[in-house]
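One letter stands for each residue in the lines below.
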Amino acid sequence: SAVISQKPSRDICQRGTSLTIQCQVDSQVTMMFWYRQQPGQSLTLIATANQGSEATYESGFVIDKFPISRPNLTFSTLTVSNMSPEDSSIYLCSVELARNEQFFGPGTRLTVL
Amino acid sequence: GENVEQHPSTLSVQEGDSAVIKCTYSDSASNYFPWYKQELGKGPQLIIDIRSNVGEKKDQRIAVTLNKTAKHFSLHITETQPEDSAVYFCAARTGFQKLVFGTGTRLLVSP
């Protein structure tokens, strides 16, 4: 498995501002993912972030709203830009190890007022 | 694309009873089926997975079964304990495509 940490663990933000979420893994991994989990809902993939290439975004998510960086094999950031109350969610990073196994971080709980 | 349905949405059992959660998938080419447990305030935790070349897998009190013909797979928890209370998500994946998650089952185990 992998030990994944996220910062911040939670935040309350004003609409129109931006928040950058950090994800740190204790080992080098090729594939990292960012998910959104709205209250009481399932997990929705935002984008796949592979080191050395541009992030690949899922339908309904765009780079201007959710810019992602992947500077090395142990770290990634997701920025939620120009936030609105609809962006209030849990944001999760995950990594894929051998044999398709995917492990999740503890999540960042975002509330936008 | 793949679609995963999960039932029931909520499940209440008495401590010591068994719990079964069922998922169906649409893509017959799907070959990897993990289950996650998400406790309140935490990220999802991988608890067991099964691949398409296996019909059943067990790990202590939990087991997963896969029926490729019917395109469904199930999570079985025996001798449930209050600490099993959580939301459980199934997922399916085809090759190197993304994981597609079910809608989740809230399991409540009463002492």
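Everything numeric here is computed off the predicted structure, so don't read it as measured data.

Draft legend 1. Focus on the overall build of chain A. A tally of helices and strands in chain A yields 0 helices and 11 strands. Counting helices and strands in the order they occur from the N terminus, chain A gives β-β-β-β-β-β-β-β-β-β-β. Over its C-alpha trace chain A gives a radius of gyration of 13 Å, about what one expects of a compact globule, namely 13 Å for 113 residues. For chain A, the C-alpha atoms occupy an extent of roughly 40 × 25 × 20 Å along the three principal directions. Put simply, chain A has 113 residues, and 50% of those count as buried. A sequence separation of at least 24 residues applies to 52% of the contacts in chain A between residues at least 6 apart. Side-chain charges of chain A comprise 8 positive and 9 negative groups, with the mean position of each set lying 7 Å from the other.

Draft legend 2. Main features of the pairing of strand β5 (residues 45-51) of chain B. All names here are of chain B. Across the 7 residues that make up β5, a large majority, 6, are buried. One ladder, built from 6 bridges, connects strand β4 (residues 32-38) with β5; its direction is antiparallel. For proline 34, the partnering residue across the bridge sits in β5 and is aspartate 49. The hairpin formed by β4 and β5 contains 6 residues between the paired strands, and glycine 41 there has a positive phi angle of roughly 80°.

Draft legend 3. Examining the interface of chain B and chain A more closely. Taken together, the contact between chain B and chain A spans 18 residues of the former and 18 residues of the latter. Summed over both sides, the interface of chain B with chain A buries roughly 1500 Å², with 48% coming from carbon and sulfur. Connecting chain B to chain A are 2 salt bridges. With a shortest N-O distance of 2.9 Å, lysine 98 of chain B and glutamate 58 of chain A are connected by a salt bridge. Looking at the side of chain B that touches chain A, the elements with two or more residues in it are β4 and β5 of chain B. Grouping the constituent residues of the side of chain B that touches chain A by class yields 7 nonpolar, 6 polar and 5 charged.

Draft legend 4. Fine view of the state of the cysteines. Applying the stated criterion to the full structure yields 2 disulfides over all chains. Linked covalently through their sulfurs, cysteine 23 of chain A and cysteine 93 of chain A form a disulfide whose S-S length is 2.0 Å. Judged by the sign of its S-S torsion, about 70°, the cystine formed by cysteine 23 of chain A and cysteine 93 of chain A is right-handed. Here cysteine 93 of chain A lies in strand β9 (residues 89-96) and cysteine 23 of chain A lies in strand β3 (residues 19-25), a separation of 70 residues in the sequence. According to the relative accessible area criterion, cysteine 23 of chain A is buried, its value standing at 0%. For cysteine 93 of chain A, a relative accessible area of 0% corresponds to the buried category. One disulfide bridge connects cysteine 23 of chain B with cysteine 90 of chain B, the sulfur atoms lying 1.9 Å from each other. A torsion of -100° about the S-S bond marks the disulfide between cysteine 23 of chain B and cysteine 90 of chain B as left-handed. Residue cysteine 23 of chain B is located in strand β3 (residues 19-25), and its partner cysteine 90 of chain B is located in strand β9 (residues 86-92); the two are separated by 67 residues in the primary sequence. The two residues cysteine 23 of chain B and cysteine 90 of chain B agree in class, both being buried. Cysteine 93 of chain A supplies the cysteine sulfur nearest to cysteine 13 of chain A, a cysteine that is in no disulfide, at a spacing of 17 Å.

Draft legend 5. Examining the sheet that holds strand β8 (residues 75-80) of chain A more closely. Residue and element names in this part refer to chain A. Pairing within the open sheet is antiparallel, and its 4 strands lie in the order β1-β3-β8-β7. At either end of the open sheet lies a strand with only one pairing partner, and these are β1 (4-7) and β7 (68-72). Across the sheet, the mean angle separating the axes of adjacent strands is 15° when strand polarity is ignored. In this sheet, β8 lies alongside β3 in antiparallel orientation, the contact comprising 6 bridges. From the neighbouring strand, glutamine 22 faces β8, where its bridge partner is threonine 77.

Draft legend 6. Up close: unusual backbone geometry. The omega torsion of the bond from lysine 7 of chain A to proline 8 of chain A falls at -5°, within 30 degrees of zero and hence cis. Among the secondary structure elements, proline 8 of chain A is positioned in the loop between β1 and β2 (10-13). The amide bond that connects histidine 7 of chain B to the next residue, proline 8 of chain B, takes the cis arrangement and shows omega of -5°. Positionally, proline 8 of chain B belongs in the loop between β1 (4-7) and β2 (10-14). At arginine 99 of chain A, a residue that is not glycine, the phi angle is positive and equals roughly 65°. Note on placement: arginine 99 of chain A falls in the loop between β9 and β10 (102-104). On the basis of relative accessibility, which here comes to 57%, the residue arginine 99 of chain A falls in the exposed class. One non-glycine residue, asparagine 100 of chain A, adopts positive backbone phi at about 70°. Assessed through its relative accessible area of 18%, asparagine 100 of chain A is described here as buried.

Here is what the cut-offs are and how they apply
- Each residue is numbered by its place in its chain's sequence as written, counting from 1.
- Chains and ligands are labelled by the order in which they are written, letters from A for the one and numbers from 1 for the other.
- Residues qualify for local features only when their pLDDT is at least 70, as the model is predicted, and side-chain atom pairs are given and counted only at 80 or more; totals for whole chains, interfaces and linings, by contrast, use all residues.
- Neither water nor hydrogens contribute to the side-chain values; these are computed over all heavy atoms in the structure.
- Every helix listed is a DSSP run of H or I at least four residues long, and every strand listed is a run of E at least two residues long, numbered separately from the N terminus.
- Every radius of gyration here is taken over C-alpha atoms, with the globule rule written as 2.2 Å times N^0.38, N being the number of residues.
- A 1.4 Å probe rolled over the protein chains alone gives each residue an accessible area, and that area as a share of the maximum for its type sets the label: buried under 20%, exposed over 50%, partly exposed in between.
- Any two residues whose heavy atoms approach within 4.5 Å are treated as being in contact.
- Charge counting treats Lys and Arg as positive and Asp and Glu as negative, with His and both chain ends excluded.
- All charge positions are set by atom: Lys at NZ, Arg at CZ, Asp at CG, Glu at CD.
- Should DSSP find at least two bridges between two strands, the strands are taken to pair.
- Accessible area, probed at 1.4 Å, shrinks when two parts are joined; the buried area is that loss added up over both.
- For salt bridges, the criterion is a side-chain nitrogen of Lys or Arg within 4 Å of an Asp or Glu carboxyl oxygen.
- The classification used treats Ala, Val, Leu, Ile, Met, Phe, Trp, Tyr, Cys and Pro as nonpolar, Asp, Glu, Lys and Arg as charged, and all other residues, Gly among them, as polar.
- Note that a disulfide, as used here, is simply two cysteine sulfur atoms within 2.5 Å.
- The axes used here are C-alpha line fits, helices contributing only the stretch in contact, and every angle between their N-to-C directions lies in the interval 0 to 180 degrees.

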